[in-house]
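The primary structure of each chain is shown beneath.
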Amino acid sequence: MPELPEVETTCKGISPIVGSKIKHIIIRQPKLRWPIPPALSEFKNLIVKKVSRRAKYILIHTDQGAFIIHLGMSGRLCLIKQGLTAAKHDHVDFILTNNRLLRYTDHRRFGSILWSDEDPLNHRLLCELGPEPLSRSFNGQYLFKITRTKKTAIKTTIMDQKIVVGVGNIYANEALYLAGISPIRKTQSLSLEECQALVKAIQKILKRAILQGGTTLRDFLSADGKRGYFKQKLQVYGRQGELCFSCTKILSSEKIGQRMTVYCRTCQK
DNA sequence: ATAATAACCTGAGGGC
DNA sequence: TGCCCTCAGGTTATTA
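Nothing here was measured: the structure is a model prediction, and the numbers come from that model.

Peer 1: Break down the packing of aromatic side chains for me, with residues and values.
Peer 2: Per the counting criterion, the structure on display carries six aromatic pairs. For the pair Phe 67 and Phe 94, a centre-to-centre distance of 5.2 Å together with 80° between the ring planes defines the contact as edge-to-face. In this pair, Phe 67 sits in strand β4 (residues 65-70) while Phe 94 sits in strand β6 (residues 90-96), placing the two residues 27 residues apart along the sequence. Relative accessible area serves as the criterion here: at 0%, Phe 94 is assigned to the buried category. Through a chain of ring-to-ring contacts, the aromatic side chains of Phe 43, Phe 67, Phe 94 and Trp 115 assemble into a single cluster.

Peer 1: Pulling in residues and values, what's your account of the protein's contact with DNA strand B?
Peer 2: As a structural note, the neighbourhood of DNA strand B is formed by Lys 88, His 89, His 107, Arg 108, Arg 109, Phe 110, Thr 149, Lys 150, Lys 151, Thr 152 and Gln 258. A share of 53% of the atoms of DNA strand B within 4 Å of the protein falls on sugar and phosphate groups. Lys 88 has a polar side-chain atom sitting 3.0 Å from a phosphate oxygen of DNA strand B. Contact distances for DNA strand B include 3.2 Å between a sugar or linking oxygen and a backbone N or O atom of His 107.

Peer 1: With reference to specific residues and values, describe the environment of His 89.
Peer 2: One can find His 89 in the loop between β5 (75-81) and β6. For the pair His 89 and Arg 28, spaced 61 residues apart in the sequence, the C-alpha separation amounts to 9.1 Å.

Peer 1: Let's hear about the sheet that holds strand β7 (residues 100-106): which residues, and what values?
Peer 2: In space, the eight strands of this open sheet follow the order β5-β7-β6-β1-β2-β3-β4-β8, with antiparallel pairing throughout. Only two strands of the sheet have a single partner each, and these edge strands are β5 and β8 (112-116). For this sheet, the mean angle separating the axes of adjacent strands, direction not counted, is 30°. When strand β3 (residues 57-62) meets β4, the two strands line up antiparallel, connected through six bridges. Paired with Tyr 57 across the bridge in β4 is His 70.

What counts and what doesn't
- Residues numbered from 1 in each chain as written.
- Chains lettered and ligands numbered in written order.
- Predicted model: local features only at pLDDT ≥ 70, side-chain atom pairs only at ≥ 80, totals over all residues.
- Heavy atoms only, no water.
- Phe/Tyr/Trp six-rings, centres within 6.5 Å; stacked < 30°, edge-to-face > 60°.
- Helix = DSSP H or I, 4+ residues; strand = E, 2+ residues; numbered from the N terminus.
- Buried < 20%, exposed > 50% of the residue type's maximum accessible area, 1.4 Å probe, protein only.
- Near = heavy atom within 4 Å.
- Polar contact = N/O pair within 3.5 Å; in protein donor to acceptor, adjacent residues only side chain to side chain.
- Pairing = 2+ DSSP bridges.
- Axes fitted to C-alpha atoms, helices over the stretch in contact; angles between N-to-C directions.

Printed below as a string of structure tokens:
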């Protein structure tokens, strides 16, 4: 599923809709993570003012309010021509002018499409999120300070959207490997220097992945239907049992917080 | 208050 | 073929 780089790629991909009109919305399946507000099927002629991202949420700002879209584990937004028949998991179409439409597809339905009349950043799901990982407010000092009493594994901590947003399972694994920190370390055991190294690693990994258009494992495609190419750069994720590219020892794996975790016992301390 | 886990879904792949 | 199990880019609600 989409983590920050995939959501960022999607935002860039759908940004051509800015300035155009959403004539109406077709909802085939309203049962997502949260029900799609029924009012959306009554909406007519909204002008798209801006597309932005907060955490893993895509915000489509219009003259009447904002759509808040989360892609969950398997969601995707594609900007396509009208007339293509909808497949099984094509749950929502935003019908646009110029014979285009924005199609939301999500076979597991863990994503969501919500509506906010006012500033979407004040929405209950968005108002308590942590800092953006690529902003200055996410730095080593901050991470060190906020984690002094945290006893959970550091991997779980960096995936906690209240601590920092945008990091999911793939990039948590990759960032910890790059930082040389074991994912099973108790969070509060990290030194200031380690927090600084981890922040830098998270930022580096996310920036690189954005440049590659994200990671496509199964479902993810950008708005123009292209795959993300960061998969070829993954150092540990999905490589359990294979050899560490650095020390050539076998990569370990275990579940942390119900999520598959892969790391090198030699390179990560 | 914090931390572990159950739940929401569908589909693919492996073992038998 | 088919059944049963495990696994998958996330997040919230519930339980301990």
